[in-house]
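Chains, contacts and geometry: an overview
Next come the chains, spelled out residue by residue.
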Amino acid sequence: MRAIRNISLTVFFAALLLFLSSLFLSSYRLSDQVIAERFSVMYTASGKSYYEILRPQLEPMVNVEYHSSFGFISDYSAIIKKYNEPLIAAGNWDEVIKDDQLVMITKHSSSGWLADHAVYVSTFCFLGMLLGGILYFLVTGPANEYRRRAVWFSSLSNRGVAGIVLGSGLILFYIILYFFPAYLSPWMLLADPLRHWFTDKGEADQWFLYGWMYCMAMLVMGIRMLIKWKGNRYQTFRTVSVMFFQLCFAFIIPEILSALNQPAVDVKHIWPLHYNYFDGARIDQMYAFGGIGITLFWWGIALFLIGVPLFTYFYGKRWYCSWICGCGGLAETAGDPFRHLSDKSQKAWKIERWMIYSVLVFVSVMTLLVVVAWYSGKDEVMGISSGFIKMIYGFLIGSIFSGVVGTGFYPLMGNRVWCRFGCPLAAYMGIIQRFKSRFRITTNGGQCISCGNCSASCEMGIDVRWYAQRGQNIVRASCVGCGICSSVCPRGVLKLENAPEAGRINNDPILIGREGVKMNTDLIK
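We now turn to the structure provided with this report. Position labels on residues start from 1 in each chain and follow its written sequence. Local features are withheld for residues below a pLDDT of 70 in this predicted model, meaning they are given only at 70 or higher, and side-chain atom pairs are given and counted only at 80 or more; totals for whole chains, interfaces and linings count all residues. By convention in this description, side-chain values take in all heavy atoms of the structure and omit both hydrogens and water.

Focus on the sheet that holds strand S2 (residues 65-66)
The criterion, for reference: Any two strands with at least two DSSP-identified bridges between them are counted as paired. Note on conventions: DSSP H or I runs of at least 4 residues are helices, E runs of at least 2 residues are strands, and numbering of each starts at the N terminus.
Strand order across the open sheet formed by three strands is S2-S1-S3, with antiparallel pairing between neighbours. Looking at the sheet topology across the chains shown, the edges are occupied by S2 and strand S3 (110-111). Pairing of strand S1 (residues 27-29) with S2, which is carried by two bridges, proceeds in the antiparallel orientation. Across the sheet, residue arginine 29 finds its bridge partner in S2, namely glutamate 65.

Shown next, in the form of structure tokens:
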């Protein structure tokens, strides 16, 4: 078994190393054919052809061999900038060339060894990382108590050098993905064969690549979770659920819809988490698809107005945050080794409440402005530009907070940074869960031995032990119902329940347990 484990690790790291190094293995040559493909059907607002304008400007780059993406992207951007500068200075915005073709121009100009062997490199990299990782966890077997506690001493999972390096790498990846995706064009090239499984006409862009990498991370680490919690039905079903919804609903079904010329929609991705849901251009696009587009658009509204309150009333926010949500799914699988890093202090709790409800207010105001602007046909509402507010929200919350911080800070602040401090949908469900829900975690205070396993394992920063010691039910708005606190409790003190609201919030002054009957002195005071 040790040999198989070593082989699987070797395959995984060899595939990962080749995948990372592929960013520097491609060369680039801009051809007249690529320029014509990308620009021959594009026109400025005044009707001038992009191709006729740019072809002479790009002449110095045509058929020139670039050995790295840095030089190619730098020269291309400099040419576009040089052409646009006098137009911008003169306020002639109708003639300005939009720089939105850089990603595909860079990708289509790829040449050399990587472009010639993309199918073989892609197969080795993706299968090697996927199968190597899964085989390693299958051979390693379930984690015993000693290995579970090892996360406290590992450099990777306890803010050591390895953790800082990993966090820095994730932050860098998200910054490039959101703001400089052209540098990831070699990875998009490797994702093309996978994209062709769905449609021969399509090709991989940065979001297809990201979706696939997201699924791979959840599949490999999801297998780890299944092995870790073998025999625990709640954790097993929950882990299978998040893997299924991510792979099928967020990745495969939208690709199939796209191949059928239908709106590529993740039907579980709803407002306010989907902050562009009511964008005017998106509404027009959904209606342009006809029956299916209109049905999917109103499905999202019905889910937000009826489904979310109803399910949250019966099951708490765990039905979405711990069973369906893609962000939660990544946190519960790839982020599991970092769950103990969440801050349990009162100060962190106060910051959490201020931040998450501020984001909910922000997205609500932004959406209201966008809808009014779309209905009135004017960008400004009461002197406020809805487009500018949407851009600010998209940059600060949609990109920086949810992506760069939300995932990049796993090894530094725990695996639920986004869910705890920023997700507006979690805030919306949290209000319902706190004040009108049947869900609670009940505690048997008399049995608590104060080991602290529950608090240490809580990814949402809840000091579960504090409640358990006092025999109080846990009805916190932030609880996502992952159930890990209950799973790690050696005395069976904690239990996730959906029951009538009566008695949901309790303050029992009498604790009955292995030490007999005693008074809860905190309540007597």
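Now that the structure is up, let's keep going.
Comments concerning the packing of helix H7 (residues 118-140) against helix H10 (residues 185-195)
Short version of the rule: All axes here are fitted lines through C-alpha atoms, helices being fitted over the stretch that makes contact, and every angle between N-to-C directions spans 0 to 180 degrees. For this classification, under 35 degrees means roughly parallel, over 145 means roughly antiparallel, 65 to 115 means roughly perpendicular, and everything else is oblique. Only heavy atoms enter the contact rule, under which two residues are in contact if any of them lie within 4.5 Å. When residues are grouped by polarity, Ala, Val, Leu, Ile, Met, Phe, Trp, Tyr, Cys and Pro land in nonpolar, Asp, Glu, Lys and Arg in charged, and all others, Gly among them, in polar.
Relative orientation of the contacting elements H7 and H10 amounts to 90°, with a least axis distance of 9 Å. As judged from the angle between their axes, H7 and H10 are roughly perpendicular. Residues Ala118, Val119, Val121, Ser122 and Phe126 of H7 form the contact with H10, whose own contacting residues are Leu189, Leu190, Ala191 and Pro193. Taken together, the residues of the contact of H7 with H10 break down into eight nonpolar, one polar and no charged.

Overview of the state of the cysteines
Test applied: Disulfide: a pair of cysteine sulfur atoms within 2.5 Å of each other.
Counting across every chain of the model gives zero disulfides. We note that cysteine 248 lacks a disulfide partner, and the nearest cysteine sulfur, in cysteine 215, lies 9.0 Å from it. Looking at the unpaired cysteine 327, the closest cysteine sulfur is the one in cysteine 325, lying at 4.3 Å.

What to know about the pattern of salt bridges
Threshold: Salt bridges, as used here, are contacts in which a Lys or Arg side-chain nitrogen is within 4 Å of a carboxyl oxygen on Asp or Glu. Only protein chains enter the area calculation, which uses a 1.4 Å probe; residues under 20% of their type maximum are buried, those over 50% are exposed, and those in between are partly exposed.
Throughout the structure, instances matching the rule amount to 18 salt bridges. A salt bridge links glutamate 59 to arginine 55; the shortest N-O distance between them is 2.6 Å. Residue class for glutamate 59 comes out partly exposed when judged on its relative accessible area of 43%. The partner of arginine 339 in a salt bridge is glutamate 332, and the shortest N-O contact between them spans 2.9 Å. The two residues arginine 339 and glutamate 332 agree in class, both being buried.

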